[in-house]
Amino acid sequence: MRFMLLLKGEPPEDALPSAELIDAMLGYYEQLVKAGVLLAGEGLLSSSTGARVVYSGGKRTVIDGPFTEAKELVAGYYLIQVKSREEAIEWAKRCPLEAAVDQFGDSGVSEAVIEIRQVAEMDEIGATDEQQETEARLREQTPGL
Amino acid sequence: MATDTHTAIETVWRMESARVIAGVAGLVRDVGIAEELAQDALVAALEQWPESGVPRNPGAWLMTTAKRRAIDLIRRNERYERKLAELGRDLQLDADDEVVLVDHIEDDLLRLVFVSCHPVLSTEARVALTLRLLGGLTTDEIARAFLVSESTVAQRIVRAKRTLADANVPFEVPEEAQRAERLASVLEVIYLIFNEGYSATAGDDWVRPGLCDEALRLGRILAELMPKEPEVHGLVALMEIQASRLRARIGPTGEPVLLLDQDRRRWDQLLIRRGLAALDRAQALGGSAGPYALQAAIAACHARARTAEETDWTLIAALYEALARLAPSPVVELNRAVALGMAYGPAAGLELVDALDEEQSLAGYHLLPSVRGDLLVKLGRLAEARTEFERAASLTRNARERKLLLDRAAACGP
């Protein structure tokens, strides 16, 4: 199962993460890699550099950032492959986001949120034994495929 | 609430058991005893956490508890004095020692990998032990994945641990001289687990496709533990790229879809990217010629081609040639024949296929006449092709495939 851990919260504009915060986040990244669960992950720049394209009433409107609903803004993500929703939650609990809240606390940031969302995968296809047997033998003939 | 805690414990156990077992084995130098002690820690968690709540760092709690028990055991043991000398400061365990405890865990984890895949064990035993100790799978899950009874797996694991103890297998990473051979055994076990999931021969339990994920995870962990070993990256590359096609290889009605007929939009580009990156690492480490790197390179040729027509068959043929020299096998030769036919025209492929006609191990293998028929069609030798397809149809045990081959035979005319 794949889950996306969406890190939400918006650091104050122009604020750079402290060395401690970078260190903590890198340490967490390393843990995810070493456990073999991390597929991808990125941090995002502040919403002031972003934009929105809104589809409504048959029109497309472009709105430049920054955006105000700080708690809802995605600041980064990790895409992980784990065995269960519980494991995804456990990994989210290990993310050192307190470091971010600590650093930006003086600037009015009081909380950060990690939203855990399962990635939609194709439905498991119920192949018959016969089909799977074919598949097995097809693979047998193609070591590199 | 109690159920939540139990789920939490189960989850943490899955995530941490390999490290805990490895850490304890680093002390007691016996994976069987280490697993028992780790299990004791799990039992303690099940007793205490529902009361006390899940600790803030549950992995460290399990590790500390298991290591304390290990030390109690060593103290009771007559070898205490000797062990004490060996262990030195590791024995200075206090409640606040959690940080110290995770020190050499990566080394211990790597030792656990090598011991679980030790050549003194049968392949089946290696697979079972690896899934149990490193994958954190229960006996029941392993049994379901391999379609054998739980008691069979339990016995396999018990016997494997005893074999390791009887043979005095040290809890160590093998020395340089044996390193390559022992690593090959580790990689073989991981790839076997992957293939068991990939080419699931029966059963529809979630555990089986889960084996692909498990093998990939083990491969990725190993790549972190042994970042300088090109073949580890080669195997990871091979598995990532193969896994990228998982959802494209079965059609809407459940029929298998051959690689060249797959809808490439359904390939998982993230896994392909990861696979290509792993292959780059293998090659950058000078490992282009390793068997897994070669297979990964072949898989990568397909992954890089946006359409089947864009496939670089010349390169694939060259890679199969290298693979054939390294690990000669008639099946590899047959694949090379297909690649040659695509790269240099059907006559080139047919020449190699004809040479394989004498090959005893391919007698009765329906793909040989099937490939031959395909090449003959391309050469316009339809009557001969028809005979080959009919022969192939008579050799396959698969009804769907037989029909396909008979259709192709009929298409060749009377």
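Quantities reported herein were computed from a predicted structural model and do not represent experimental measurements.

## Here we look at the overall build of chain B
Stage number 1. When helices and strands are tallied, chain B shows 20 helices and zero strands.
Stage number 2. Considering chain B as a whole, with its 414 residues, one finds that 44% of them fall into the buried category.
Stage number 3. Sequence-distant contacts in chain B: of pairs separated by 6 or more residues, those separated by 24 or more amount to 61%.

## Points about the overall build of chain A
Stage number 1. For chain A, the helix and strand inventory stands at four helices and six strands.
Stage number 2. Each helix (α) and strand (β) of chain A, taken in turn from the N terminus, gives the series β-α-β-β-β-β-α-α-β-α.
Stage number 3. Taken over 145 residues, chain A has a buried fraction of 27%.
Stage number 4. Taking the intrachain contacts of chain A between residues at least 6 apart in sequence as the baseline, contacts between residues at least 24 apart amount to 78%.

## Topic: the pairing of strand β1 (residues 2-8) of chain A
Residue and element names in this part refer to chain A.
Stage number 1. Of the two faces of β1, the one holding Phe3, Leu5 and Leu7 is buried and the one holding Arg2, Met4, Leu6 and Lys8 is not buried anywhere.
Stage number 2. With seven bridges joining them, β1 and strand β5 (residues 74-81) adopt antiparallel strand pairing. By the bridge assignment, leucine 6 is partnered in β5 with tyrosine 77.
Stage number 3. Inspection of the sheet shows β1 paired to strand β6 (residues 113-118) by six bridges, in the antiparallel sense. Counted as the bridge partner of leucine 6 is glutamate 115 from β6.

## Regarding the pairing of β5(A)
Looking along a regular strand, one sees the side chains alternate between the two faces of the sheet.
Stage number 1. Where strand β2 (residues 38-43) of chain A lies against β5(A), five bridges are found, and the strand directions are antiparallel. Counted as the bridge partner of Gly43(A) is Gly76(A) from β5(A).

## Here we look at the environment of Ala327(B)
All names here are of chain B.
Stage number 1. Among the secondary structure elements, alanine 327 is positioned in the loop between α15 (313-326) and α16 (330-344).
Stage number 2. Taking C-alpha positions, alanine 327 is 7.6 Å from proline 291, a pair spaced 36 residues apart along the chain.
Stage number 3. For alanine 327, the contacting residues outside a window of four places in its chain are Pro291 and Val332.

## Looking at helix α9 (residues 150-166) of chain B
Structural remark: α-helix, 3.6 residues per turn; residues separated by three or four positions point the same way.
Residues and elements named next belong to chain B.
Stage number 1. Along its 17 residues, α9 runs 24 Å from first to last C-alpha, staying within 8% of the 24 Å computed at 1.5 Å per residue.
Stage number 2. Along α9, the positions that sit buried rather than exposed are Val153, Arg156, Ile157, Ala160, Lys161 and Leu164. Each buried residue of α9 sits inside an arc of 125° when the element is viewed along its axis, so together they form one side. Residues of α9 that are exposed and point over 90 degrees away from its buried face: Ser151, Val158, Arg162 and Asp166.

## As for helix α2 (residues 31-52) of chain B
All names here are of chain B.
Stage number 1. Compared with the 32 Å implied by 1.5 Å per residue over 22 residues, the 30 Å span of α2 between its first and last C-alpha is a close match.
Stage number 2. At leucine 46, α2 shows its largest bend, some 30°, and a proline, proline 50, comes one to four positions later.
Stage number 3. All of the buried residues along α2 are Val31, Ala34, Glu35, Leu37, Ala38, Ala41, Leu42 and Ala45.
Stage number 4. One or two residues past the end of α2 sits glycine 53, with phi positive at roughly 90°.

## Description of the sheet that holds β2(A)
Residue and element names in this part refer to chain A.
Stage number 1. With antiparallel pairing, the four strands of this open sheet are ordered in space as β2-β5-β1-β6. Taken across any chain shown, the strands that pair with only one partner, and hence form the sheet edges, are β2 and β6. Neighbouring strand axes in the sheet, compared pairwise and without regard to direction, differ in orientation by 15° on average.
Stage number 2. Lying on the sheet, helix α2 (residues 85-93) is in contact with β1, β5 and β6; it crosses β6 at an angle near 160°.

## Quick notes on unusual backbone geometry
Stage number 1. With an omega of 5°, the peptide bond between Gly65(A) and Pro66(A) qualifies as cis.
Stage number 2. With respect to the helices and strands, Pro66(A) occurs in the loop between β4 (59-64) and β5.
Stage number 3. If you check the backbone angles, Leu147(B) has positive phi at about 55° while not being a glycine.
Stage number 4. Mapped onto the elements, Leu147(B) comes out in the loop between α8 (139-145) and α9.
Stage number 5. Taking the number of C-beta atoms within 10 Å as the measure of exposure, Leu147(B) has 14 and is therefore partly exposed.
Stage number 6. One non-glycine residue, Asn168(B), lies in positive phi territory at about 50°.
Stage number 7. Assignment of secondary structure puts Asn168(B) in the loop between α9 and α10 (176-198).
Stage number 8. When the 8 C-beta atoms within 10 Å are taken as the criterion, Asn168(B) is described as exposed.

## Brief notes about the confidence of the model for chain B
Residues and elements named next belong to chain B.
Stage number 1. Of all residues in chain B, 90% attain a pLDDT of 70 or more, and the chain-wide mean is 89.
Stage number 2. Overall, residues 201-206 carries pLDDT values under 50, and its contacts beyond four positions in sequence, including any with other chains, amount to 10 contacts.
Stage number 3. Across the assembled chains, the prediction reports ipTM 0.82 with pTM 0.86.

## Comments concerning the nonpolar core
Stage number 1. Ranked by size, the top nonpolar core spans 136 residues in total, and within it Ile21(B), Val24(B), Leu112(B) and Ala296(B) carry the most contacts.
Stage number 2. It is helix α1 (residues 2-28) of chain B that provides the largest number of residues to this core, a total of 12 residues.

## Quick notes on the packing of α2(B) against helix α3 (residues 58-76) of chain B
All names here are of chain B.
Stage number 1. At a minimum axis separation of 8 Å, α2 and α3 run at an interaxial angle of 125°. Considering the angle they form, α2 stands oblique to α3. Our pair here, α2 against α3, has a crossing hand that is right-handed. Every residue of α3 that contacts α2 at Leu37, Ala38, Asp40, Ala41, Ala44 and Ala45 is listed here: Leu62, Thr65, Ala66, Arg69, Ala70 and Leu73.
Stage number 2. For the contact of α2 with α3, the per-class residue count stands at nine nonpolar, one polar and two charged.

## Section: the environment of Ala337(B)
Residue and element names in this part refer to chain B.
Stage number 1. Mapped onto the fold, alanine 337 is located in helix α16.
Stage number 2. Its 25 C-beta neighbours within 10 Å are what place alanine 337 among the buried residues.
Stage number 3. The sequence separation of alanine 337 and serine 185 amounts to 152 residues, and the corresponding C-alpha distance is 29 Å.
Stage number 4. Filtering out sequence-adjacent residues up to four positions away, alanine 337 remains in contact with Gly349, Leu352, Val353 and Val371.

## Structural notes on the confidence of the model for chain A
Stage number 1. Averaged over all residues, the pLDDT of chain A is 83; the fraction at 70 or higher stands at 83%.
Stage number 2. In this model residues 123-128 of chain A is a low-confidence stretch, pLDDT under 50, and it forms eight contacts with partners more than four residues away in sequence or in other chains.

Conventions we followed
Residues numbered from 1 in each chain as written. Chains lettered and ligands numbered in written order. Predicted model: local features only at pLDDT ≥ 70, side-chain atom pairs only at ≥ 80, totals over all residues. Helix = DSSP H or I, 4+ residues; strand = E, 2+ residues; numbered from the N terminus. Buried ≥ 20, exposed ≤ 12 C-beta atoms within 10 Å, placed from the backbone. Contact = placed C-beta atoms within 7 Å. Pairing = 2+ DSSP bridges. Expected span 1.5 Å × (residues − 1). Arc of directions from axis to C-beta. Bend = angle between axes of the 7 residues up to and from the residue. Axes fitted to C-alpha atoms, helices over the stretch in contact; angles between N-to-C directions. pLDDT = per-residue confidence, 0-100. Core = buried A, V, L, I, M, F, W, Y, C linked by C-beta atoms within 7 Å. Parallel < 35°, antiparallel > 145°, perpendicular 65-115°, else oblique. Left-handed = near helix turned anticlockwise from the far one by under 90°. Nonpolar A, V, L, I, M, F, W, Y, C, P; charged D, E, K, R; others polar.

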